[in-house]
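Here's the letter readout for the chains.
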Amino acid sequence: MNKPSRVFITGASSGLGAALARHYGASGAQLGLAGRRLDGLQDTAAGLDAHLYQADVRDAVAMQEAAAAFLNAVGVPDIVIAAAGISVGTLTEAAEDAPVFRAVMDANVLGLVHTFQPFVAAMRTNGGVLCGISSVAGVRGLPGGGAYSASKAAATVYLEALRLELKASGIAVVTVAPGYVDTPMTQVNPYAMPFKMTAQAAANKVARCIEQRRAYTVIPWQMAWVGRLLKWLPIPVYDAVFEKAPRKPRGLPT
Ligand SMILES: NC(=O)c1ccc[n+]([C@@H]2O[C@H](COP(=O)([O-])OP(=O)(O)OC[C@H]3O[C@@H](n4cnc5c(N)ncnc54)[C@H](OP(=O)(O)O)[C@@H]3O)[C@@H](O)[C@H]2O)c1
């Protein structure tokens, strides 16, 4: 792939999305940065050639408007990265968690659809990459994280379906499932996080996956082995090991 010149990124106000913006911005790409918090987008954009779009990925119309504005101001992107997402602990038995389940599914699953949909028709001409950020947390159901695990399992499967739908179009769909990344999302976790990456290290790995148009990659490689093991662990063994696993704190997503 030639050096990307136009890149649209959601979740660009923080963490991995912001690190991806810096990665592509440093090599001179024109950026479209989307998120809900304008101050976070402005921090990311400092010194970069960036257009900012204050938009909620749960809102299909807002994302269509953001994409139309980017297409108009900058042109057809080479790469669209859907990095926006939320993670919060959930319990099915807690009635107050019902809206939390909805928010997590809306942001982490429908957010992907709303991000990619407005770009597909325009990208069919020159091809390009749609990259979705899933998670190794979607490989098996994690106790206390039912919404997040379910949302990331759904994200991975949705992205696989999209990859096949677009196979003949020249648009590659790249799924990256990170292990732990040091961002505000994980800074609240009260447990050890093996193989944790800095956001910039994770962004470099995501960019390599995009460059190589890799269908599905768990990062870092150590977590890829953990993911494979998790996937094939027999249910009784998985249950015994993970029943008492430490849980993500519950609360209202921001
Ligand atoms: N950190 C990890 O260990 C880890 C591991 C695996 C996968 N991931 C995934 O990596 C992605 C990035 O996470 P991160 O670690 O960088 O977390 P983060 O620092 O909390 O950043 C999350 C980003 O998503 C945006 N966002 C959340 N809800 C949104 C909404 N409804 N509309 C628009 N933007 C929204 C936030 O921006 P605003 O608040 O400004 O809207 C923020 O920019 C997520 O999909 C996450 O699930 C992270």
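What counts and how
- Residues numbered from 1 in each chain as written.
- Predicted model: local features only at pLDDT ≥ 70, side-chain atom pairs only at ≥ 80, totals over all residues.
- Helix = DSSP H or I, 4+ residues; strand = E, 2+ residues; numbered from the N terminus.
- Expected span 1.5 Å × (residues − 1).
- Buried ≥ 20, exposed ≤ 12 C-beta atoms within 10 Å, placed from the backbone.
- Pairing = 2+ DSSP bridges.
- Right-handed = clockwise from strand over helix to strand, strands pointing away.
- Core = buried A, V, L, I, M, F, W, Y, C linked by C-beta atoms within 7 Å.
- Contact = placed C-beta atoms within 7 Å.
- Near = placed C-beta within 6 Å.
- Nonpolar A, V, L, I, M, F, W, Y, C, P; charged D, E, K, R; others polar.

Asks: Explain helix H5 (residues 146-165) to me, using residue names and the numbers behind them.
Replies: Compared with an ideal rise of 1.5 Å per residue, which puts 20 residues at 28 Å, H5 spans 28 Å between its outermost C-alpha atoms and is within 8% of the ideal. Among all positions in H5, only Ala-147, Tyr-148, Ser-149, Ala-150, Ser-151, Lys-152, Ala-155 and Leu-159 are buried.

Asks: Just give me the short version of the pairing of strand S1 (residues 6-10), but keep the residues and values in it.
Replies: Within S1, 4 of the 5 residues are buried, which leaves the element mostly enclosed by the surrounding structure. When S1 meets strand S2 (residues 30-35), the two strands line up parallel, connected through 5 bridges. Bridge pairing links Phe-8 to Gly-32 in S2. Crossover handedness for the path S1 to helix H1 (residues 15-26) to S2: right-handed. Sheet topology note: the S1/strand S4 (residues 79-82) ladder contains 4 bridges and is parallel. Paired with Ile-9 across the bridge in S4 is Ile-81.

Asks: Go over the pairing of S4 with me, naming the residues and quoting the values.
Replies: Regular strands show a simple pattern: their side chains alternate between the two faces of the sheet. Going residue by residue along S4, you find Ile-79 and Ile-81 tucked away on one face and Val-80 and Ala-82 tucked away on the opposite face as well. In this sheet, strand S5 (residues 128-133) lies alongside S4 in parallel orientation, the contact comprising 4 bridges. Looking across to S5, one finds that Val-80 is bridged to Leu-130. Following the backbone out of S4, through helix H4 (residues 98-123) and into the adjacent parallel S5, one traces a crossover that is right-handed.

Asks: Residue-level account of the nonpolar core, with values.
Replies: Membership of the largest hydrophobic core comes to 70 residues, with the highest contact counts inside it found for Ile-9, Leu-20, Leu-33 and Cys-131. With 8 residues, H4 is the single largest residue contributor to this core. Setting aside residues no more than four positions away along its own chain, Leu-20 makes contact with Ile-9, Ile-81, Ala-83, Ala-203 and Val-206.

Asks: Just give me the short version of the site of the ligand, but keep the residues and values in it.
Replies: Surveying the vicinity of the ligand reveals 29 residues, the closest of which are Gly-11, Gly-15, Arg-36, Arg-37 and Gly-85. Examining the composition of the shell around the ligand, we find that 3 residues originate from one element, H1, more than from any other. When its residues are assigned to classes, the shell around the ligand shows 12 nonpolar, 13 polar and 4 charged.

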